[in-house]
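# Topology and contacts: notes
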Amino acid sequence: MELSQKTIHEINELLKKKEVTVTEVTQSVINRIDAVEGSTDAYLRVQPEQALAMAKIVDDKLKARKKISPLEGIPYGLKDNLCTKGILTTCASKMLYNFVPPYNAHVYNLLIEEGGILLGKTNMDEFAMGSSTENSAYKVTKNPWDLNKVPGGSSGGSAVAVASDTAYYSLGSDTGGSIRQPASFCGVVGMKPTYGLVSRYGLVAFASSLDQIGPFTKDVEDCALVLNAIVGHDEKDSTSLKLEKKDYTKNLKQGVKGLRIGVAQAFFGEGLQPEVRKSLEDAIAVYKILGAEIVDVSFQYLDYALSAYYLISSAEASSNLARYDGIRYGFRAEEYDGLVDLYRKTRSQGFGEEVKRRIMLGTHALSSGYYDAYYKKAMQVRTLIKEDFDQVFKSCDVLLTPTSPTTAFGIGEKTNNPLEMYLTDIYTVPVNIAGIPGISIPCGLDQAGMPIGMQLLGPALSEKALLKAAWAFENETNIKNLKAPLGKEV
Amino acid sequence: MEYEIVIGMEIHVELGTKSKIFCSCPTEFGAEENTHTCPVCLGMPGVLPVLNEKVVEYATRAGLALGCEIAHYSKMDRKNYFYPDLPKAYQTSQFDLPICNGGVIEIEVDGIKKDVGITRIHIEEDAGKLLHESVDGTLVDVNRCGVPLIEIVSEPDMSSAEEARAFGEKVRNILEYTGVSDCKMQEGSMRFDVNLSMREKGATVLGTRTEMKNLNSFRALIRAVHYESKRQIIELKKGHVITQETRKWDDTKGTSSSLRSKEEAHDYRYFPEPDLVPIVIEADYIAKIKAALPELPEAKKQRYMDEYKLPEYDAGVLTATGILANFFEEAVGLYNEPKQISNWLMVEIPPLLKEKELCMENISITPLMLTELLKLVKDDTISGTSGKEVLKEMFSTGKNPGDIVKDKGLAQMSDTTELEAIIEKIVAANPKSVEDIGAGSDKAYGFLTGQVMKATKGQANPQVANEIIRAVVAKHLG
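Residues numbered from 1 in each chain as written. Chains lettered and ligands numbered in written order. Predicted model: local features only at pLDDT ≥ 70, side-chain atom pairs only at ≥ 80, totals over all residues.

Bringing the environment of Ile279(B) into the picture now. Residue and element names in this part refer to chain B. Along the chain, the position of Ile279 falls in strand β16 (residues 279-280). When the C-alpha atoms of Ile279 and Gln232 are compared, they prove to be 42 Å apart, with 47 residues separating the residues in sequence. Discounting chain neighbours no more than four positions away, the residues touching Ile279 are Val56, Ser74, Lys75 and Ile99. (Helix = DSSP H or I, 4+ residues; strand = E, 2+ residues; numbered from the N terminus. Contact = placed C-beta atoms within 7 Å.)

Structure follows, in structure tokens:
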């Protein structure tokens, strides 16, 4: 087995025993990037020289000491909406084609402190708006299980990097499923933590009240390790929760005996691919064998979640993206006649179609005369959905759902039908609306050999319970040994 | 038909916090362009605001001083509009849940007192400035972006330019006292918007109003109200209706012109600021700030009348600004002659301020210096006339009164032997005057006194000189 195929905890063991060096580990991933990146296009930019230079520094440090922290010397990728000082951060938009932030995202600072090795910035849907990574202004990322299929989105690049072994882990952002859905499509683990658990400082905002940063990893244990590094209060983010540090790996392998797992009909409705349903039923059976208790639960307002989500997220986006006006940084139209024309041309030319669609939708939802019918109503629905989840979590500890109604679809298949594209997020958006945590882990393959993801949800701050349940499933099945066939094809 | 003016005001006041409302950049006025900036106030991608707690404290203090209720729960909202001086393209402000509600303050114009209601006070951030004069086209200075503001919204309770000014002055007076703002109009720390409408005298229904933006001095406020009320009366008398609009006051031309009509008004698309948590203020926090409020102008004025036995007029003038009141109180502490001090502060100092174009906060005279001067006058070391001269000198040089008296040789001549010798000479040299006095004309005394003052360069104590002159003349008359 190549070094690049291993997990974080396996590499950490090897580094601890001094059987490999960080440079060897990093080189192995760079070789892998050289081999497959041309087919997958997971990264917008790779920085092998900087990664190797950093690896050398960490190797030098490690020579003198026995202890090594879990993410030290581990190469990773960052979604291109996470600010990296001195390194281009474009959000896959023409609007920020030349934007080099003079500051770091808080999470990037934390990973620098951990001694992580940044490999590059991963592709995404422009400003994180999309479900297939086809909305990038620069390239289309391909699913390593089938290069004709999308990797999901918006954090498609981050998902593919992990799925194709071109990073041990990566960070993405999840506003309505942008971590969990691509994790599901690419057969990796992806988690959206509780809102406020990870600082959003330096994450280029899409919808501030929904955005949350989270990890993509090859297995559940790695997910817990990355979570350990990125969770924590940050005074630069007013919505960041003040909590004591937790060790998410502690009691990870305790099992699920007595755990009440909720199953709700609302998540098994129309449009669900039969193989996904079957795979979820199998997963339920596995949990029963493991000693969990399966509970039927029901929701009242879940049908309104997707509509509420698109109103709230677009409303916030219309305001968050208003700063890209061509005045101070980023793209500016070459020819314009006066201020209003400068705004109009810059924004017409700098933003892609989907971004413009959402800005218009959001602007409309907030407009005088429409606010009550759209934004306000959506916020009321939001409260009801939160209450729905509160109610459900009285009778179960975690909720088991499909991550997405289908497995990965073909590139170009849904680009002309935004509504159909939006429906792929139907099971993930309620989670962001409620601010609760969710994890997607692989649970099987469909007949075409594409990964199926299952989603585990829990009340706010229940990450440990989710990880425990996810680990138990992963450990019981041989799911994690399934690898994207990419290596064979190239 | 007789009309009356109805005026409501919005007053923007920059709070005197050291740092900006959402970042730690300094708020100091007058720095080099774009030096007081950071990614947060520049509105760069991915940055987040953190509410400066001092802003909440200052707004609470201002609200309490202006008689408002402080909201236990308020929140920030985004006011969206595009303009190059607004980097985020939204101003973080408060929309439906402001921090303060429902205050009232009393104003007085020509001896008539009146209550003016305060609808609300909310917190917001200031925008930057556009510099149009540049040869490179229009440039943006972002230094002012994120300087904390409160906006005080009044009820439409005023009915003249003078009342509007009195309200503005009273608000400035109170805020300056509480220390939340320096209220320097010339630096833009305090700006007025005026909502004005006309109605038939005695009517209760409000007419259509216009809003005049950014009146940056009391003079502009008064002139704008006069101009706009006249304009509206003329329109109404012609049988026209008033258009609801925002107007821009041009202080140089002394006229206003339409900026945008109601139809063209911005749709600000307010919505709750998702990057900030609601502002929750506990009752004991409010109580603590209330307890720490300084004595406010009304109370101080009453105390000056009771404690220092000052006339209402004096007490009113002295408490008109916190700086003057503090100066007065410090001086009284050093020298317990309140009325004397009040006279000098009210009568002698203002002309000097005007002449030198200074205000109380940057004069070189301290309360100690003033009281020393008053003591020199009181113990006849110098005359009252010389005292005024010394004060003038103190103003320009900042020297101590004692030193000035010494340097200029202004000490009064009360040494009778020396004075007697001088007077003997003068009387001897003016036999005609002695004769006139002998013939019963007292006028000649005045002439002789004048001669003595001339000979002593004004240093003779006039009373002492007079007595000696009378004695010497009597001796000559035999």
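This brings us to the pairing of strand β13 (residues 245-250) of chain B. Residue and element names in this part refer to chain B. For strand β12 (residues 210-215) and β13, the ladder comprises 4 bridges, and the chain directions are parallel. Of the residues in β13, the one forming a bridge with Met212 is Arg247. Remark: the β12/helix α3 (residues 218-237)/β13 crossover connection has left-handed handedness. Inspection of the sheet shows β13 paired to strand β14 (residues 255-261) by 6 bridges, in the antiparallel sense. Looking at the pairing, Asp250 lines up with Thr255 of β14. Counting the residues between successive antiparallel strands, the hairpin from β13 to β14 contains 4 residues, one of them, Gly254, with a positive phi of roughly 75°. (Pairing = 2+ DSSP bridges. Right-handed = clockwise from strand over helix to strand, strands pointing away.)

We now examine the nonpolar core. Val398(A), Ala470(A), Ala59(B), Ile121(B) and Val194(B) are the most contacted members of the largest nonpolar core, which has 222 residues in total. At 9 residues, the largest contribution of residues to this core is made by helix α9 (residues 305-320) of chain A. Leaving out residues up to four positions away in the same chain, Val194(B) has contacts with Ile7(B), Met9(B), Ala164(B), Met212(B), Leu215(B), Leu221(B), Ala224(B) and Val225(B). Counting residues in each nonpolar core, the second largest holds 25 residues, with Tyr304(B), Leu310(B), Met369(B) and Val405(B) among its members. (Core = buried A, V, L, I, M, F, W, Y, C linked by C-beta atoms within 7 Å. Buried ≥ 20, exposed ≤ 12 C-beta atoms within 10 Å, placed from the backbone.)

Here we come to the sheet that holds strand β11 (residues 190-200) of chain B. Residues and elements named next belong to chain B. Pairing within the open sheet is mixed, and its 9 strands lie in the order β2-β6-β7-β10-β1-β11-β12-β13-β14. Edge positions in the sheet fall to β2 (69-70) and β14, since each of these pairs with one other strand and no more. Along the sheet face, helix α1 (residues 53-65) touches β2, β6 (100-109), β7 (112-125) and β10 (148-154) and points at about 165° away from the line of β7. (Axes fitted to C-alpha atoms, helices over the stretch in contact; angles between N-to-C directions.)

Our focus in this paragraph is the UniProt feature "active site" (unreviewed entry) in chain A. All names here are of chain A. Mapped onto this numbering, the UniProt entry annotates "active site" (unreviewed entry) at Lys79, Ser154 and Ser178. For this annotated set, covering 100 residues, all C-alpha atoms fall within 11.0 Å of each other, a compact arrangement in space. Within the secondary structure, Ser154 sits in the loop between β3 (117-122) and α5 (156-163). By C-beta crowding, Ser154 is classed as buried, having 36 other C-beta atoms within 10 Å. Tracing the backbone through its elements, the reader meets Ser178 in the loop between β4 (169-174) and α6 (180-186). (UniProt positions renumbered as here; feature names shortened; annotations may be inferred.)

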